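Overview (structure and organization)
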Amino acid sequence: MKPVLVGAALTAVALLEAAIPAGAASADPEVDATCVRTLHGTFGTPVGSGGGNRPQADTLHMTGTVKCVDPAGRPVAAGTVDHTLTLPRTECTGDEHGDTSATRVTWADGAVSTLGFDRVDVVKAYGTASLVAAGRVTSDSARFAGDTLSGAGTSISTGCGTMAGARTVDSTTVIRLSHRPGPATG
């Protein structure tokens, strides 16, 4: 399953690259970091059990890592995530609106940043999902405070259409953190 997730991460990077033009003017956002968030989750209630594809409210407990590099590709931060999402409507196949609550990242040195998601759009086909997310890092965060975040990624869950249903999910998301430069001073 790892090669699929790596390929998915590369696809997400390509989507982000296409969305942010190279050589953007100085008034355009400046990229502070590009982060890869790799998570494993467990659903509170199995999804799509018994061969059905009925939308259901659910929770998803996610744990994993976040690794960030600067625009030159140098590592700048690494941390962990332990978060429970509330999903108003999840299913094996269809369009979903994902959880937009904040995600807390605990960096390796113990500092904390909070990623606030304003929008998470999810499209799923038989347990494989693509997602696009947007939001902002909260102003009280230890790293990347106030940065705008945009992300794209995929997740894979198995068990859709079986009697047991999908119980777990593996997700990889590439998140671009950027800020608008302040006014020039003279």
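Coordinates for the structure precede this section.
Since the structure is predicted, the reported quantities are computational estimates derived from the model, not experimental observations.

So, how was this worked out
- Residues numbered from 1 in each chain as written.
- Predicted model: local features only at pLDDT ≥ 70, side-chain atom pairs only at ≥ 80, totals over all residues.
- Heavy atoms only, no water.
- Helix = DSSP H or I, 4+ residues; strand = E, 2+ residues; numbered from the N terminus.
- Contact = heavy atoms within 4.5 Å.
- Core = buried A, V, L, I, M, F, W, Y, C linked by side-chain atoms within 4.5 Å.
- Buried < 20%, exposed > 50% of the residue type's maximum accessible area, 1.4 Å probe, protein only.
- Phe/Tyr/Trp six-rings, centres within 6.5 Å; stacked < 30°, edge-to-face > 60°.
- Disulfide = S-S within 2.5 Å.

What to know about the overall build of the chain
The helix and strand tally for the chain stands at one helix and nine strands. Taking all contacts inside the chain whose residues are at least 6 apart in sequence as the whole, residues at least 24 apart take part in 59%.

Here we look at the nonpolar core
In a soluble, globular protein the nonpolar side chains are often hidden away together inside. Of all hydrophobic cores here, the largest spans 31 residues; its most connected members are Cys68, Phe144 and Leu177. Looking at this core, the elements that each hand over two or more residues are strand E1 (30–47), strand E2 (56–69), strand E3 (75–90), strand E5 (103–107), strand E6 (112–125), strand E7 (128–137) and strand E9 (166–179). Broken down by element, this core gets its largest block of residues, five residues, from E1.

Re the packing of aromatic side chains
One pair of aromatic rings is described through two measures. These are the centre distance and the angle between the planes. The tally for this structure, following the rule as stated, stands at one aromatic pair. Their ring planes at 65° and their centres at 6.0 Å tell us that tryptophan 107 and phenylalanine 144 sit as a pair that is edge-to-face. With a gap of 37 residues between them, tryptophan 107 in strand E5 and phenylalanine 144 in the loop between E7 and strand E8 (148–156) connect regions that are remote in the sequence. Here the two residues tryptophan 107 and phenylalanine 144 agree in accessibility, since each one is buried.

Comments concerning the state of the cysteines
For the structure shown, the criterion picks out two disulfides. Residue cysteine 35 pairs covalently with cysteine 68 via a disulfide, S to S 2.1 Å. Residues cysteine 35 and cysteine 68 share a disulfide whose torsion about the S-S bond is about 105°; that sign makes it right-handed. Within this pair, whereas cysteine 35 is found in strand E1, its partner cysteine 68 is found in strand E2, the two being separated by 33 residues in sequence. According to the relative accessible area criterion, cysteine 35 is buried, its value standing at 3%. Between the sulfur atoms of cysteine 92 and its disulfide mate cysteine 160 the distance is 2.2 Å. Where cysteine 92 bonds to cysteine 160 through sulfur, the torsion about that S-S bond is close to -90°, and the disulfide is left-handed. Of this pair, cysteine 92 sits in the loop between E3 and strand E4 (94–97) while cysteine 160 sits in the loop between E8 and E9, and the two are 68 residues apart along the sequence. Using a relative accessible area of 3% as the deciding quantity, one classes cysteine 92 as buried. Assigning the bonded cysteines of the chain consecutive numbers by sequence position, one obtains the connectivity 1-2, 3-4.

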